[in-house]
Structure formats: structure tokens, C-alpha cells
Amino acid sequence: MTDKNKMRVLTCIVCPNGCEITAVLDENGGVASLSGALCKRGEAYAAQEIVSPMRTISSSVRVLGGAAPLVSVRLNRPVPKAEIFHVMEAIRALEISAPVSAGDVLIADVLGLGSDVIATKHIAKA
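Before going into details, it helps to say that this report is about the structure given with it. These figures come from a predicted structure and were not determined experimentally.

## Some details on the overall build of the protein chain
Part 1: For the protein chain, the count of helices and strands is two helices and ten strands.
Part 2: Each helix and strand of the protein chain, placed in order from N terminus to C terminus, yields the pattern β-β-β-α-β-β-β-β-α-β-β-β.
Part 3: For 126 residues, the compact-globule estimate of 2.2 N^0.38 gives 14 Å, and the C-alpha radius of gyration of the protein chain, at 19 Å, exceeds that figure by more than 25%.
Part 4: Across the 126 residues of the protein chain, 31% fall into the buried class.

Here it is as C-alpha cells:
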């Protein structure tokens, strides 16, 4: 690993402080040390982002026979960043019939990643 690759600077997104966190990496790409975080949550975020970045997704799903053509959806837990496009393919392939209620699980344990796709809005039958 070159000296350039031994350090990463991240802007924390956990709270409004937006701390600039500097991570020094070990020879295996793991975190050797962190500085700049004003709280433990920022430190945890930076360590997670470096070792195994996770993301949540918000999107929409087609509704058949509904008062609206789409329902907004989100994941109830983050998934690995590398899986975002695969999860989006599963969401795009989904069509559901009205009615739909906020909180309905539309895809349980999507792709075996431990996260459910849930509706965030109520759509009545047309």
C-alpha cells in the first residue's frame, strides 16, 4: 500500500455536525486510527464506511388497480453498497395490487440481505 492509500478523509453524515474524519489505514486496508469525530457515532460510521460501506434505498413500485400508479418504498435496514443495483433490479421487477398500506412488507429479506422492502404510503383501490 502506498502512503497515499494509507489515509482516507470522510465527511460524517450521522448528525448535522458534518465532522471531517481522518482514518489511517493499516496494511490490510483496515482502520488503524480515526481522528476528527466529535462523537462515538461518527467514529462508528467512519469505521463501517471504510471496512464495509452500507446504504439504504428509497424508490417506488408499480401499483395495479390503485388510486395512484406508484407507491413509495424504502428498505428497513441498510444493505452492502455493492448490492444496491441488484436490490434496485428486484424492486423494479415488482408490481403489486392495490390496496397497499404504509408499513406493508413488499419484499421480505430482499436477496437474502436481511432487509425488507416496505411501503411508505397508503394507496387505495381505484
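Let us keep going from here.
## Digging into the pairing of strand 6 (residues 70-75)
Part 1: Here strand 6 shows a clear split, with Val 71, Val 73 and Leu 75 buried on one side and none of Leu 70, Ser 72 and Arg 74 buried on the other.
Part 2: Here five bridges tie strand 5 (residues 58-64) to strand 6, and the two strands are oriented antiparallel to one another. Directly across from Ser 60, in strand 6, lies its bridge partner Ser 72.
Part 3: Hairpin remark: strand 5 followed by strand 6, antiparallel, with five residues in the connecting loop; positive phi at Gly 65, about 70°.
Part 4: Bridge analysis of strand 6 against strand 10 (residues 117-119) gives three bridges, and the strand direction is antiparallel. Considered in strand 10, the bridge of Leu 75 is made with Val 117.

Cut-offs applied
- Within each chain, residues carry numbers counting from 1 in the order of the written sequence.
- In keeping with the predicted nature of the model, local features appear solely for residues at pLDDT of at least 70, side-chain atom pairs appear and are counted solely at 80 or more, and the whole-chain, interface and lining totals rest on all residues.
- Note: side-chain values were computed over all heavy atoms of the structure, leaving out hydrogens and water.
- Starting at the N terminus, helices and strands are each numbered in turn, a helix being any DSSP run of H or I of at least four residues and a strand any DSSP run of E of at least two.
- Put simply, the radius of gyration uses C-alpha atoms, and a globule should come to 2.2 Å times the residue count raised to 0.38.
- Partly exposed describes any residue whose relative accessible area lies between the buried limit of under 20% and the exposed limit of over 50%, with all areas from a 1.4 Å probe on protein chains only and scaled to the type maximum.
- Strand pairing requires that DSSP identify at least two bridges connecting the strands.

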